[in-house]
Amino acid sequence: MSKNIYKIYTVLLLLFVSSCYSQPSSKTKHMDNTPNQESAKASTDSNAVIKTDAEWKKILSPEVYYIAREKGTERPFTSKFETFKEVGTYYCAVCGNPLFKSDTKFESGCGWPSFYEPISKNSVIYLPDNSYGMKRTEVECGRCKSHLGHVFEDGPPPTGLRYCINGVVLDFKKAQAAEEKYNNRH
Ligand SMILES: [Zn+2]
């Protein structure tokens, strides 16, 4: 009888020890499977991105947060994209939404990267902006509603529009170009 009790104790003890050891490893596994929530970027996903100011502040750099979420303006002639001439696509630096093609970019001389047309109708949205005693039209990202800049009606043909965009909130991806290979060979 006492032998049996001893056996039961041994089994219980083994169970207890093994459950103690299995806990940390299952926790680690769970953490590995947790998706990375640090970035909201996606160039193929067109679903709206909605976050609180506190959440944006955690994800974005102070410069991007100031322009994108507080509707700030970068100093003119400071963006590397202002006179940039590479062939490719400009994306929202906050969410990765495609915004402008390089072939719609032009040198306006206004001090900010300028385009005459967005990639598609839904890539940006427009809001009236009457701040600073001016009547302007604000341009926001169509996906994450980050402030991008303003649009004016003094642009070149074919649209006659000038999208004056803060370079800080733009990401650029070079065209994966057949034409680039072609240029290298010839
Ligand atoms: Zn965006």
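Being a predicted model, the structure only gives us computed values, none of them experimental.

Here the focus is the sheet that holds strand β2 (residues 98–101). Two strands in a sheet stick together by hydrogen bonds in their backbones, pointing the same way (parallel) or opposite ways (antiparallel). Strands sit in the order β2-β1-β9 across an open sheet of three strands; the sheet is antiparallel. Both outer strands of the open sheet, β2 and β9 (170–174), are each paired with one neighbouring strand and no more. For this sheet, the mean angle separating the axes of adjacent strands, direction not counted, is 30 degrees. Relative to β2, strand β1 (residues 88–92) is paired through three bridges, and the arrangement is antiparallel. What sits directly across from Thr 89, in β2, is Lys 101.

Once that is clear, we can look at the pairing of strand β7 (residues 147–152). Of all six residues making up β7, five are buried, and the element is well covered by its neighbours. By the bridge criterion, four bridges tie strand β6 (residues 136–141) to β7 in an arrangement that is antiparallel. The partner of Glu 140 across the bridge, within β7, is His 147. Two successive antiparallel strands, β6 and β7, enclose a turn made up of five residues, where Lys 145 displays a positive phi of approximately 55 degrees. Where β7 lies against strand β8 (residues 162–165), four bridges are found, and the strand directions are antiparallel. If you follow Gly 149 over to β8, its bridge partner there is Ile 165.

Criteria and thresholds
Residues numbered from 1 in each chain as written. Predicted model: local features only at pLDDT ≥ 70, side-chain atom pairs only at ≥ 80, totals over all residues. Pairing = 2+ DSSP bridges. Helix = DSSP H or I, 4+ residues; strand = E, 2+ residues; numbered from the N terminus. Axes fitted to C-alpha atoms, helices over the stretch in contact; angles between N-to-C directions. Buried ≥ 20, exposed ≤ 12 C-beta atoms within 10 Å, placed from the backbone.

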